[in-house]
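Fold and contact review
Residue strings, one per chain:
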Amino acid sequence: MAVAFCPKSIRRNWLALFLLGPVGFLLVGTSLGWARSDSAQVLHIRVQGDVDTADMVRELSDHLNSLAIKGYRGALLEFEPGRVREDLAWSLGAAMDDADRPVWVWLTGTPSQPTGPAQFELAVRAEGAWMDPRSAVAWEGPGKSEALRPDNLDSDRVSRERYSSLWVALERRGANTRIAEGLLRPSAPLRARWVVEGECELVEGPVEAGADSGLMTLVEPLANGQTRGEITPRVAVALGLIDGTERTARHVLRQAMGDAARGVRPVRVRVESQLHATIERAHGMIRRARAEEALAGDTLRKRVDRDVGQAAYDRAIRERAGETLRAIERGEAALRSFEALAAEHPEVLRTRAPVQANLPGVEESAARAWAREIEYVRRSLAGLRADAMAQATGSP
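The shown structure was predicted, so the numbers you read here are calculated from the model rather than taken from an experiment. Starting from 1, residues in each chain are numbered consecutively following that chain's sequence as written. Only residues with pLDDT of at least 70 are given local features in this predicted model, and only at 80 or more are side-chain atom pairs given and counted; all residues enter the totals for whole chains, interfaces and linings. Side-chain calculation: all heavy atoms of the structure are included, whereas hydrogens and water are not.

1. Considerations on helix H12 (residues 366-393)
Defined as follows: By definition, any uninterrupted DSSP run of H or I lasting at least four residues is a helix, any uninterrupted run of E lasting at least two residues is a strand, and each is numbered from the N terminus. The span expected for a helix works out to 1.5 Å for each residue beyond the first. For the exposure calls, accessible area comes from a 1.4 Å probe over protein chains only, and a residue counts as buried if that area is under 20% of its type's maximum, exposed if over 50%, partly exposed in between. Note on definitions: a residue-residue contact is assigned when non-hydrogen atoms from the two residues lie within 4.5 Å.
Between its first and last C-alpha atoms H12 spans 41 Å; for 28 residues at 1.5 Å apiece the expected length is 40 Å, and the two agree. Looking at H12, one finds that the buried residues are Ala 366, Ala 369, Trp 370, Arg 372, Glu 373, Ile 374, Val 377, Ser 380, Leu 381, Leu 384 and Ala 388. Turning to H12, the residues buried within the fold contact helix H10 (275-300) and helix H11 (310-344).

2. Concerning the sheet that holds strand S5 (residues 137-140)
Filter applied, for reference: By this definition, two strands are paired if DSSP reports at least two bridges between them. Here an axis means a line fitted to C-alpha atoms, over the contact stretch when the element is a helix, while the angle between two N-to-C directions is reported on a 0 to 180 degree scale.
The strand order across the open sheet built from five strands is S5-S9-S8-S6-S7, with neighbouring strands paired in antiparallel fashion. Of all the strands in the sheet, the pair left with one neighbour each is S5 and strand S7 (199-203). Taken over all neighbouring pairs, the strand axes of this sheet differ in orientation by 20° on average, direction set aside. As paired strands, strand S6 (residues 190-196) and strand S8 (residues 216-221) are joined by three bridges and run antiparallel to one another. In the strand pairing of S8, Arg 191 is matched with Thr 217.

3. Focus on the sheet that holds strand S1 (residues 41-48)
Each strand in a sheet pairs with its neighbour through backbone hydrogen bonds, running either in the same direction (parallel) or in the opposite one (antiparallel). In space, the six strands of this open sheet follow the order S10-S4-S3-S2-S1-S11, with parallel pairing throughout. Only two strands of the sheet have a single partner each, and these edge strands are strand S10 (244-245) and strand S11 (265-272). Pairing of strand S2 (residues 72-79) with strand S3 (residues 103-107) involves five bridges; the strand directions are parallel. Note that in S3 the partner of Glu 78 across the bridge is Trp 106. On the sheet, helix H5 (residues 117-125) packs against S2, S3 and strand S4 (128-131) and is oriented at approximately 140° with respect to S3. Helix H9 (residues 249-257) rests against S1, S2, S3, S4 and S11 of the sheet, and its axis sits at about 140° to S3.

4. Let's talk about the pattern of salt bridges
For clarity, the cut-off: Every case where a carboxyl oxygen of Asp or Glu lies within 4 Å of a side-chain nitrogen of Lys or Arg is listed as a salt bridge.
Overall, the coordinates contain 29 salt bridges when judged by the stated rule. In this structure, Glu 86 engages Arg 162 in a salt bridge whose closest nitrogen and oxygen atoms are separated by 3.6 Å. Of this pair, Glu 86 sits in helix H4 (residues 86-98) while Arg 162 sits in helix H6 (residues 155-173), placing them 76 residues apart in sequence. Residue classification places Glu 86 among the partly exposed residues on the basis of a relative accessible area of 36%. Through salt bridges with shared partners, a single ionic network connects Glu 86, Asp 97, Glu 121, Arg 125 and Arg 162.

Quick look at the structure:
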């Protein structure tokens, strides 16, 4: 006959369970390894405002490229109202494609504070896409950050690759691939009409006058080569462009992950533009360099009384030179800091320089104005350094 053997430690645990009731169950369960393991995690990235700097895309790409190594099941990109610079939409789309876990997109906002067309494009390309039913996609003309695009950007390549990726995504979704051209490079208005409740169809070709009753214009080209458009969540769902509408991130994850969403814990991070603060820092650095250059010049020209005797006079000259050199070093340090910041945030050089006025009658780019300003400060500091060193060493 088999005899069950029960170690004293286990008997003590069951006795504690009996005496302590529910509390005992928790304590004993923990001691026996019954504690629930850590829940699975999903990274929830809230993108606030415009995506207008390469630094933002680097930060987003870093998140998306490290999902697996950090143990995330996937990432939910929540785009709040704003616009995405077109060249950055290209870069961010590539980062989404290269992510090592699924990336889902959720568009939020209101009709008065809509998201832009590039966010919608990225949503269509994502593993899954939802819109808040209270939101809208609407725009007219380019976003204000389009002026910050690199001068050497290969626009044809960017347009071609975005179009190709969107076309593939539409085909995968079973949606009309004509929308890729209509959204990115329309030659004619992109229109749709309701067939039955919950189902839309695109209307191809020109529409005769008086025959446009019930038609919705989704995108139309403008005379300046830009576009304007409006796409509601209801129409986006009916055209098969997104998977549905949800009001909360939790509901989006349930739709995206199904039963696997049970027990999933979202880890929230926020990504927002620091462009304005960065520009202010850059302007502060160049102003500091300018101020130190002016101070060095004033110091070097400070009069030294010759009536104090030769030794005292020579000492005063050396002290004046030393004071000048310290101002020059501070100015050069500010200039180096500016150049390091501009290398990391190239958008700074696509804004107007804060000090140097435009040359009369000369049209120049923001980058050219910055180059002239930086060169002026650098040359001025170098000349002052040479003069100060000559005085410090007693050279003629």
